[in-house]
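A look at the structure
Here is how the chains run, residue by residue.
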Amino acid sequence: AYANHLDRNWQPHNILVAVSNSIDTKHAAELGFIIARDSSKVTLLSVLTGTNSAWSQNVNQYAFDRQTEVAVNAINTIKQLALIYNVSVKDIIEIGDDVESTILKVAEIEESDLIILGTSVKSGSERLFLGSRIEYMIQHAKCPIIVLNT
């Protein structure tokens, strides 16, 4: 939707990379670091879900702690990669009801002008189906989204 509205010399200044504990994240981050060059800020975002209810916080503290540990490790891994590309990053771990609306909310707060998502979709037809979560984000984002299928 944004391709027709962007100037051909457009350069993002605030790039948001969604981080998970997957190889897809590494590839998405590398793309973000290449695009960032010297003039862009890169924000790494990991979203923790299913932790807002009292049941989740009281009964399942171990799962929440484990999810937090995985998020911290994933972000730290990508931060090491940022050093190789000589890109400074800001990292955020956000709690939300669902990943997609939380990514969009943080993108607005951070004034991101590009979101990069990594995925590994195997298409069984000529049309690539990204899934309802990514489709939702593409439809509701206030900035362009790059979906990198690895």
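Shown above is the structure to which this text applies.
My aim in this report is to walk through the structure given alongside it, one point at a time. (Residues numbered from 1 in each chain as written. Predicted model: local features only at pLDDT ≥ 70, side-chain atom pairs only at ≥ 80, totals over all residues. Heavy atoms only, no water.)

A separate point is the sheet that holds strand 2 (residues 41-49). The five strands lie next to each other as 3-2-1-4-5, forming an open sheet whose pairing is parallel. Strands at the two margins of the open sheet, each flanked by one partner only, are strand 3 (89-96) and strand 5 (145-149). If you compare each strand with its neighbour and ignore which way they point, the axes differ by 25° on average. Bridge count for strand 4 (residues 114-119) against strand 5 is five bridges, and the pairing is parallel. Its bridge partner lying in strand 5, Thr 119 is registered against Asn 149. Its contacts with the sheet place helix 3 (residues 61-84) against strand 2 and strand 3, and it is angled at close to 165° to strand 2. Along the sheet, helix 4 (residues 99-109) makes contact with strand 1 (14-18), strand 2, strand 3 and strand 4, crossing strand 2 at roughly 145°. (Pairing = 2+ DSSP bridges. Helix = DSSP H or I, 4+ residues; strand = E, 2+ residues; numbered from the N terminus. Axes fitted to C-alpha atoms, helices over the stretch in contact; angles between N-to-C directions. Contact = heavy atoms within 4.5 Å.)

All right, on to the packing of aromatic side chains then. Within this structure, the stated rule accounts for one aromatic pair. Measuring from centroid to centroid gives 5.8 Å for Phe 33 and Tyr 85, while their planes differ by 45°, and the two rings are tilted. Of this pair, Phe 33 sits in helix 1 (residues 23-36) while Tyr 85 sits in the loop between helix 3 and strand 3; the two residues are 52 residues apart in sequence, bridging distant segments of the chain. Its relative accessible area of 2% is what places Phe 33 among the buried residues. (Phe/Tyr/Trp six-rings, centres within 6.5 Å; stacked < 30°, edge-to-face > 60°. Buried < 20%, exposed > 50% of the residue type's maximum accessible area, 1.4 Å probe, protein only.)

Together, Ile 34, Ile 84 and Tyr 85 make up a nonpolar patch on the protein surface, roughly 320 Å² of accessible area in all. Judged by relative accessible area, which is 31%, Tyr 85 ranks as partly exposed. (Patch = residues over 30% accessible without salt bridge, like charges linked within 9 Å, V, L, I, M, F, W, Y side chains within 5 Å. Areas by Shrake-Rupley, 256 points an atom, 1.4 Å probe, with all protein chains shown as cover. Salt bridge = Lys/Arg side-chain N within 4 Å of Asp/Glu carboxyl O.)

With a probe scaled to a water molecule rolled over the atoms, the places where space remains empty come into view. Reported here for the largest pocket is a volume of approximately 510 Å³. The set of elements that each furnish at least two residues to the lining of the largest pocket consists of strand 2, helix 3, helix 4, strand 4 and helix 5 (132-140). Considering each element in turn, the lining of the largest pocket owes the most residues, five residues, to strand 2. Across the lining of the largest pocket, the residue classes break down as 14 nonpolar, eight polar and two charged. (1 Å grid on protein atoms, 1.4 Å probe; cavity = no way out; pocket = protein on both sides within 12 Å on 5 of 7 lines; lining within 4 Å. Points joined across faces, edges and corners; volume = space filled by probe spheres on them. Nonpolar A, V, L, I, M, F, W, Y, C, P; charged D, E, K, R; others polar.)

Attention now moves to unusual backbone geometry. Positive phi is not limited to glycine here, since Asn 86 has a value of about 60°. Among the secondary structure elements, Asn 86 is positioned in the loop between helix 3 and strand 3. At Glu 111, a residue that is not glycine, the phi angle is positive and equals roughly 55°. The residue Glu 111 is located in the loop between helix 4 and strand 4 in this model.

A pair of packed helices is captured by two measures, namely the crossing angle of their axes and the spacing between those axes. Viewed as axis vectors pointing N to C, helix 4 and helix 5 meet at an angle of 30°, and their least axial separation amounts to 9 Å. When the axes of helix 4 and helix 5 are compared, the pair comes out roughly parallel. As for the relative orientation of helix 4 and helix 5, their crossing is right-handed in sense. Listed contacts from helix 5 to Val 99, Glu 100, Ser 101, Ile 103 and Leu 104 of helix 4 are Arg 133, Tyr 136, Met 137 and His 140. Looking at the contact of helix 4 with helix 5, its residues break down into five nonpolar, two polar and two charged. (Parallel < 35°, antiparallel > 145°, perpendicular 65-115°, else oblique. Left-handed = near helix turned anticlockwise from the far one by under 90°.)

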